[in-house]
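The chain contents come next:
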Amino acid sequence: MTKENHKLSHHHNDDVMPSVAKFLSALWMEGEFKNQPEYLSEIFENILETEMGNNLDLRTKMISCIKTSKMLVKALEPFSDVQIEKACIKIMNA
């Protein structure tokens, strides 16, 4: 168990959703998160052209970051920024 997990072990399962909502709210309101997959792809494509990018472990991590970012954007795509913000506030205040 990592230190982070150990610290959270005393929390109840009900604490998970407000924490996720707080994270999502902060992340989404940061600005251009919807464009993050494209930004990451551009950055990683440039890195892959360097000698440092010729590393299988690094390539795997970069692909994972892009995939995670795309999944989050796709999951929230049907909703407006206002809907996402209201949902996060509702969950955090529950």
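Residues numbered from 1 in each chain as written. Predicted model: local features only at pLDDT ≥ 70, side-chain atom pairs only at ≥ 80, totals over all residues. Heavy atoms only, no water.

### Overview of the overall build of the protein
We apply this condition: Helix and strand definitions here come from DSSP, where helices need a minimum of 4 consecutive H or I residues and strands a minimum of 2 consecutive E residues; each element is numbered from the N-terminal end. Each residue is assigned to one of three classes by its accessible area relative to the maximum for its type, calculated with a 1.4 Å probe on protein chains only: buried under 20%, partly exposed between the two thresholds, exposed over 50%. Contact criterion: two residues are considered in contact whenever any of their non-hydrogen atoms come within 4.5 Å of each other. Values of accessible area rely on a 1.4 Å probe in the Shrake-Rupley scheme; residue burial ignores everything except the protein chains shown.
Within the protein one finds five helices and zero strands. Each helix (α) and strand (β) of the protein, taken in turn from the N terminus, gives the series α-α-α-α-α. Looking at the protein as a whole, 18% of its 94 residues are labelled buried. For the protein, restricting intrachain contacts to residue pairs at least 6 apart in sequence, the fraction spanning at least 24 positions comes to 69%. Carbon and sulfur atoms provide 59% of the accessible area of the protein, an area that totals close to 7800 Å².

### Describing the nonpolar core
Here is the rule we go by: We call a set of buried Ala, Val, Leu, Ile, Met, Phe, Trp, Tyr and Cys residues a nonpolar core when their side-chain atoms join them within 4.5 Å.
Within the largest apolar cluster, eight residues are counted, these being Ala21, Leu24, Trp28, Phe33, Val73, Leu76, Ile84 and Cys88. Mapped by element, the contributors of at least two residues to this core are helix H2 (16-29), helix H4 (56-76) and helix H5 (81-92). Among the elements that take part in this core, H2 stands out by supplying three residues, more than any other. Residues in contact with Trp28, not counting those within four places in the same chain, are Phe33, Lys34, Leu76, Asp81 and Ile84.

### A few points about helix H3 (residues 36-48)
So the rule is basically this: The span one expects for a helix is its residue count, reduced by one, times 1.5 Å. As used here, the arc is the angular range of directions from the helix axis to the C-beta atoms.
In this model, H3 (13 residues) spans 18 Å end to end at C-alpha, consistent with the 18 Å of a helix rising 1.5 Å per residue. Of the positions making up H3, those classed as buried are Pro37, Leu40, Ser41 and Phe44. Down the axis of H3, the buried set is contained in an arc of 100°. They therefore lie on one face. Looking at the buried side of H3, the elements it contacts are H4.

### A few points about the pattern of salt bridges
Side-chain pairing between opposite charges can occur once the charged atoms of the two side chains come close. How we decide: Within this document, salt bridges are pairs made up of a side-chain nitrogen of Lys or Arg and a carboxyl oxygen of Asp or Glu, the two lying within 4 Å of each other.
Under the criterion given, the structure shown has one salt bridge. Asp57 serves as the salt-bridge partner of Lys61, at 3.2 Å between the closest nitrogen and oxygen. Of this pair, Lys61 and Asp57 both sit in helix H4, four residues apart, which is roughly one turn of the helix.

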